[in-house]
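# Notes for the structure review
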Amino acid sequence: MKRINTRGCAALLGAAVFLSVLSGCSGGLVNNVNDGTVNTDVSQTEFNIMGGMSALSKGYDNHEVLDALQASAGIKINWETMSDSLAEQVNIRITGGQLPDAFMGVGFSNYDLARYGDDGTFLDLTPYLTPDIMPNLCAILEEHPEIRAAITMEDGKIYGLPSGEQMTTAGIGAPMDEAFSIFSVPQYSMINKAWLDELGLEVPTSLDELHDALKAFKDNDMSAKYYGNAPGSTLPMTTGFDQWCWGQNIFYSGFGFTNWPNDVISDIHLTSDGKVEFVCTTDAYRDCITYFHDWYAEGLMDVEMFSQSDSQLIAKCQQGYVGVSTWWYIEELMGEYADDYVFLPPLTGPKGTPYEDTCGVTIRPGTAISSGQLNITNKCQSPINLLKFFDQWYNGETVMQLQYGPIGVFFTGQDDKGMWLSITEDEAREKYNKSAGELRNGYEVFGPKLILAEYYNEVFYMEDRAIERLNDLDQFWMPYVKDTTFYPVDCVFTGMEMETIDWHKPDFEAAVREQEGLWLQKGGPTDEEWEEYKTFLSEKCGMDDLIQVYQDAYDRYSTAE
Amino acid sequence: MKKSSGMSQRTSDIILVAITAIVLIIVAYPLYYVLIASVSDPYKVYAGKTFLFPSGFTLDGYKAVFLNDGIVSGFLNSVKYTVIGTVFSVVMLYITAYPMAQKDLPGRKFLSIFFLITMYFGGGLVPTYLVVKQTGLVGSMWSLFLPGGVAVGNMIIVRNYFQNSIPRDLIEASQIDGCSKLRTFFSVVIPLSMPIMAVMVVFSMVAYWNDWFTALIYLGGKGSPLPLVMRNILIKSSATASQAATISGGYAELNKLTELLKFCSMIVAAVPMLIFYPFVQKYFEKGFMAGAVKG
């Protein structure tokens, strides 16, 4: 209750983060690090690695694949892995100066990497990236200069090995240079076709038509009438608010944009001529919010959309209360009612407005290539030995086994094209008494896994559900995307730029989100409120600085290309 | 009660019982709700379909909790930490608060301020961790008790109790009868302070029983107490849900178990406390002072 050292865990955590920012590296440097030379010592053959693992992992000791890799590199690794509270434990270790030889699967941000690189905690790997030491990785970097660019800090140093999963439409046959990430359009909207048929309506193609359909759902209390639920239980439309695959953002397409939550910063938009802007200050955005407030006021949008969790959304949908919602798969969200639903395409804007023929879905950037999954510290005496171990990871067949499970367990054989076949659901049940997913979770290793798009054509097949989603993306959703420019998630920022982003981004995102919610609920901005809002974002949330930073980084990125 | 007061004994009884009954329902219903939710289909619970009876009876949540290997050892660990921690904390409280209650203690004012400061300023997680590490306590059970063994807020309550509720006259009487200072403490002060001791036992007990954060930071995954084991079961379950969700589907079904586990772990963690509480409760009511001092 009142024990002083446990009061306010949150406050303590905050303090921990803050303190770790302040104190940086303590403990003496073992190596003369980061002066651009190779440490040729090869005496150390036993390494301590600390890092994250899946909560479902059986651990990395006696892991078939990792053991084989250690044997062939002639080293031994003592694993210290954990599945939760990783960030706190890592912070404690770095601040306390008790470093392992390397961190694996921690996921340091570029901001962390720059900080720990500058103070000498992490080793600069640039001089080690030679065909002698890392032949596999060098071959990949040779072929994909964009991966090298993504992991290179602004000062030209590389503090970690690359990782990333390029799950794109290339895996289902699109040409490599026109491939889109599986995350390009995250929200698939859907509508209850059975209700539409009952009411004699067509699947809407414009916001006006959708509005009328929702109104009809509500007026006729379709949930009660068609599914026999309690009177008044109909929710014409329910989604989350700015949520990943279950947000409202897809419906904004009628106004020419979809401000997906994304890994760069909310509401960022890159015009086709390379100019960075924030959609949340455009007139289209203002008109859009004003328009949807009317829907909210008419009771067409769920009042709980701002607060509900995904579990609550699923609960409502699986009771048959809902007319329109968003999710990746219809079956998953709608449960036993799934057959009654069809995808609702992105809609055109309201009639009698400039948006009448507008339908613009913006693309969301995919996931970045990260260099925060394997970082060698200054404690490590023989980085060469450790890097030779990790170089083996940059091979299709190896990384496939680290991602899914060993050949002989998860992968059962090769077909005539030489592609590895994974275990089927039935075989997994029969042989291991587990689902294929559980089997995979037991073996998956978190670390510098670089799964290139071409592996899905040359080494192993993508999972069925991923293929299904990519097909939906490619055939149903992408045709609505008129402009495929998006802000590249691999842009590299300078230290100063990262400071600016780190300082302003949380405030900016929170302010925009809060204001959008308020306007949707209480009614769109008056001219005065709109000006005030823009001034607030510029003066208090650093919007102008942010635009400048993102623009500069993009300009450097595009000239380098 | 005189008749002129306008209300018969009976009527006032009825009103009082009615008020208590309402309060009882307000307090007990949320507990009851968690209980029935722990055996219901969570999506029906979230859709607002559960009110008095479970909707769609299932024991999957409890099955997942009790099939976990860690649950028994977690329970035993928790009992161990709670018993040792409570005894330790209460002893520390008494031997700190009693001297502080003596008006003739040298440096009393300084000590008060010294203790008070620790209530407002803490070292923060990392410095505290470093201290614990350098004293060699990391990984040992004592890291849970020794730092923060004296809860200053509680110490002040106990001190005030000693000062205000134990009559000076009684202490003096015992000294006239020939008690030494120690004898006074053991034979007079401790028996007279049973109510406050019961309060302190409950406070510390609940705190140690619910504490998972200290164990998480200092024990390094060995000898986890029950709440930490529960938390891991929950994390494991939600990890299954979210990993499967990213690519391979099946999220809705897996997420169901996660939601169910939240309710089940609440019940499993709360039941031992609910059972134990009535045994301590009787000390709250007794009036120890009745008739001790004349005049």
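Residues numbered from 1 in each chain as written. Chains lettered and ligands numbered in written order. Predicted model: local features only at pLDDT ≥ 70, side-chain atom pairs only at ≥ 80, totals over all residues. Heavy atoms only, no water.

Time to look at the side chain of A:Thr494. Relative to the helices and strands, A:Thr494 resides in the loop between α18 (464-477) and α19 (495-522). Leave out the neighbours within four places in its chain, and A:Thr494 touches A:Glu154 and A:Arg556. (Helix = DSSP H or I, 4+ residues; strand = E, 2+ residues; numbered from the N terminus. Contact = heavy atoms within 4.5 Å.)

As a further point, take empty space enclosed by the protein. Residue and element names in this part refer to chain A. In the structure shown here, the tally under the stated rule is 5 cavities of 30 Å³ or more. Considering the residues around the largest cavity, the lining is formed by 17 residues, among which Asn262, Ile268, His269, Thr362 and Ile363 are closest to the centre. Counted by class, the lining of the largest cavity contains 9 nonpolar, 6 polar and 2 charged residues. (1 Å grid on protein atoms, 1.4 Å probe; cavity = no way out; pocket = protein on both sides within 12 Å on 5 of 7 lines; lining within 4 Å. Points joined across faces, edges and corners; volume = space filled by probe spheres on them. Nonpolar A, V, L, I, M, F, W, Y, C, P; charged D, E, K, R; others polar.)

A word on the environment of A:Gln308. Residue and element names in this part refer to chain A. Along the polypeptide, Gln308 turns up in the loop between α10 (283-297) and α11 (310-318). Classification of Gln308 as buried rests on a relative accessible area of 4%. In this structure the C-alpha to C-alpha distance between Gln308 and Thr238, which are 70 residues apart in sequence, comes to 9.7 Å. A distance of 2.9 Å separates polar atoms of two side chains, one belonging to Gln308 and the other to Thr238. There is a polar contact of 2.8 Å between the side chain of Gln308 and the backbone oxygen of Thr239. (Buried < 20%, exposed > 50% of the residue type's maximum accessible area, 1.4 Å probe, protein only. Polar contact = N/O pair within 3.5 Å; in protein donor to acceptor, adjacent residues only side chain to side chain.)

Residues and elements named next belong to chain B. Packing of helix α8 (residues 168-176) against helix α9 (residues 181-192) leaves a shortest axis separation of 10 Å and a crossing angle of 155°. Comparing the axis directions of α8 and α9 gives the class roughly antiparallel. In the crossing of α8 with α9, the sense of the turn from one axis to the other is right-handed. Along its contact with α8, which presents Leu170, Ile171, Ser174 and Gln175, the element α9 presents Thr184, Val188, Val189 and Leu192. (Axes fitted to C-alpha atoms, helices over the stretch in contact; angles between N-to-C directions. Parallel < 35°, antiparallel > 145°, perpendicular 65-115°, else oblique. Left-handed = near helix turned anticlockwise from the far one by under 90°.)

The subject of this paragraph is the packing of aromatic side chains. All names here are of chain A. Tallied over the entire structure, the rule returns 64 aromatic pairs over all chains. On the basis of an interplanar angle of 80° and a centroid distance of 5.1 Å, the ring pair of Trp195 and Phe217 is categorised as edge-to-face. Placement of Trp195 in helix α7 (residues 193-199) and of Phe217 in helix α8 (residues 207-219) is noted, with a sequence separation of 22 residues between them. Here Trp195 and Phe217 have matching classes, each one buried. (Phe/Tyr/Trp six-rings, centres within 6.5 Å; stacked < 30°, edge-to-face > 60°.)

As a further point, take the domain arrangement of chain A. All names here are of chain A. Domain boundaries assigned for chain A yield domain 1 (25-168 + 369-447) and domain 2 (188-362 + 493-560). In this structure, domain 1 and domain 2 have C-alpha centres spaced 38 Å apart. Contact residues are listed per partner, giving 4 residues for domain 1 and 6 residues for domain 2. Contact between domain 1 and domain 2 buries roughly 460 Å² in total, counting both sides, with carbon and sulfur atoms accounting for 68%. By the criterion of area lost to domain 2, the three top residues of domain 1 are Asn110, Tyr111 and Glu154, representing 88% of everything that side buries. Here domain 1 and domain 2 share 0 salt bridges between them. The interface formed by domain 1 and domain 2 contains 0 residue pairs in polar contact (both at pLDDT 80 or more). When its residues are assigned to classes, the side of domain 1 that touches domain 2 shows 2 nonpolar, 1 polar and 1 charged. (Domains from an automatic or database assignment. Buried area = accessible area lost by both parts, 1.4 Å probe. Salt bridge = Lys/Arg side-chain N within 4 Å of Asp/Glu carboxyl O.)

With that out of the way, let us pick up the pattern of salt bridges. Residue and element names in this part refer to chain A. This model, assessed by the stated rule, comprises 17 salt bridges over all chains. Between Asp219 and Lys215 there is a salt bridge, with the nearest N and O atoms lying 3.9 Å from each other. One end of the pair, Asp219, and the other, Lys215, are both in helix α8, 4 residues apart, so they sit about a helical turn from each other. With a shortest N-O distance of 3.8 Å, Glu463 and Arg440 are connected by a salt bridge. One end of the pair, Glu463, is in the loop between α17 (455-458) and α18; the other, Arg440, is in helix α16 (residues 436-443), with 23 residues separating them in the sequence. The same class applies to Glu463 as to Arg440, namely buried. Residues participating in the shared-partner salt-bridge network are Arg440, Glu444, Lys449 and Glu463.

Our next topic: the environment of A:Leu196. Residues and elements named next belong to chain A. Residue position: Leu196 is located in helix α7. Classification of Leu196 by relative accessible area gives buried; the value is 0%. Residues Leu196 and Ala213, spaced 17 residues apart in sequence, show a C-alpha to C-alpha distance of 7.3 Å.

Now for the pairing of strand β12 (residues 411-414) of chain A. On any regular strand, side chains alternate: one points to one face of the sheet, the next to the other face. Residue and element names in this part refer to chain A. With 3 bridges joining them, β12 and strand β13 (residues 420-422) adopt antiparallel strand pairing. Opposite Phe411, over in β13, you have Ser422 as the bridge partner. Here β12 hands over to β13 after 5 residues, with Gly418 in that stretch at a positive phi of 85°. (Pairing = 2+ DSSP bridges.)

Residue and element names in this part refer to chain A. The 4 strands are arranged β2-β1-β3-β11 in an open sheet whose pairing can be described as mixed. The open sheet is flanked by β2 (76-82) and β11 (374-376), the only strands paired with a single partner. Within the sheet, the average angular offset between the axes of one strand and its neighbour, ignoring direction, is 20°. Inspection of the sheet shows strand β3 (residues 102-104) paired to β11 by 3 bridges, in the antiparallel sense. Paired with Ala102 across the strands is Ile376, a residue of β11. Contacting β1 (46-52), β2 and β3, helix α3 (residues 86-95) runs over the sheet at an angle of about 135° to β1.

Once that is clear, we can look at the sheet that holds strand β6 (residues 235-237) of chain A. All names here are of chain A. Across the sheet, which stays open at both edges, the 4 strands sit in the order β6-β9-β5-β10 with mixed pairing between neighbours. Edge positions in the sheet fall to β6 and β10 (341-343), since each has one partner strand and no second. Each neighbouring strand pair of the sheet contributes to a mean axis angle of 30°, computed without reference to strand direction. Pairing between strand β5 (residues 188-192) and strand β9 (residues 322-327): 4 bridges, direction antiparallel. Counted as the bridge partner of Tyr188 is Trp327 from β9. Along the sheet face, α11 touches β6 and β9 and points at about 140° away from the line of β9.

Attention now goes to unusual backbone geometry. Residues apart from glycine generally show negative phi values, whereas peptide bonds are mostly found in trans. All names here are of chain A. The backbone of Asp267 sits at a positive phi, close to 70°, despite the residue not being glycine. Relative to the helices and strands, Asp267 resides in the loop between β6 and β7 (268-270). Even without a glycine there, the phi angle at Asn433 is positive, about 60°. With respect to the secondary-structure elements, Asn433 resides in the loop between α15 (425-432) and α16. On the basis of relative accessibility, which here comes to 62%, the residue Asn433 falls in the exposed class.

Now for the packing of helix α4 (residues 70-101) of chain B against helix α10 (residues 194-210) of chain B. A pair of packed helices is captured by two measures, namely the crossing angle of their axes and the spacing between those axes. Residues and elements named next belong to chain B. Across the interface, α4 lies against α10 with an axial gap of 8 Å and an inter-helix angle of 140°. With respect to their mutual orientation, α4 and α10 come out oblique. Read as a crossing pair, α4 and α10 show a hand that is right-handed. For the pair α4 and α10, the contacting residues are Phe75, Ser78, Val79, Tyr81, Thr82, Gly85, Thr86, Ser89, Val90, Leu93 and Tyr94 in the first and Ile196, Met197, Met200, Val201, Ser204, Met205, Tyr208 and Trp209 in the second. Residues that form the contact of α4 with α10 fall into these classes: 13 nonpolar, 6 polar and no charged.

Judged by nonpolar contacts, the single largest core of 176 residues is most densely connected at A:Phe292, A:Trp327 and A:Tyr487. Ranked by residue count, the leading element in this core is α10(A), at 8 residues. Inspection of this core shows a minimum of three residues originating in each of domain 1 (25-168 + 369-447) and domain 2 (188-362 + 493-560) of chain A. If we ignore the near neighbours within four places in the chain, the residues touching A:Trp327 are A:Tyr188, A:Met190, A:Cys245, A:Trp246, A:Asp310, A:Leu313, A:Ile314, A:Glu332, A:Leu333 and B:Tyr251. In this structure, B:Met100, B:Ala101, B:Met119 and B:Ile196 belong to the second largest nonpolar core, which totals 26 residues. (Core = buried A, V, L, I, M, F, W, Y, C linked by side-chain atoms within 4.5 Å.)

Right, let's get into the confidence of the model for chain A. A low pLDDT means the predicted coordinates there should not be read in detail. With 94% of its residues at a pLDDT of 70 or more, chain A has an overall mean of 88. For residues 1-32 of chain A, every residue scores under 50 in pLDDT, and the model assigns this stretch 58 contacts once sequence neighbours within four places are set aside. (pLDDT = per-residue confidence, 0-100.)

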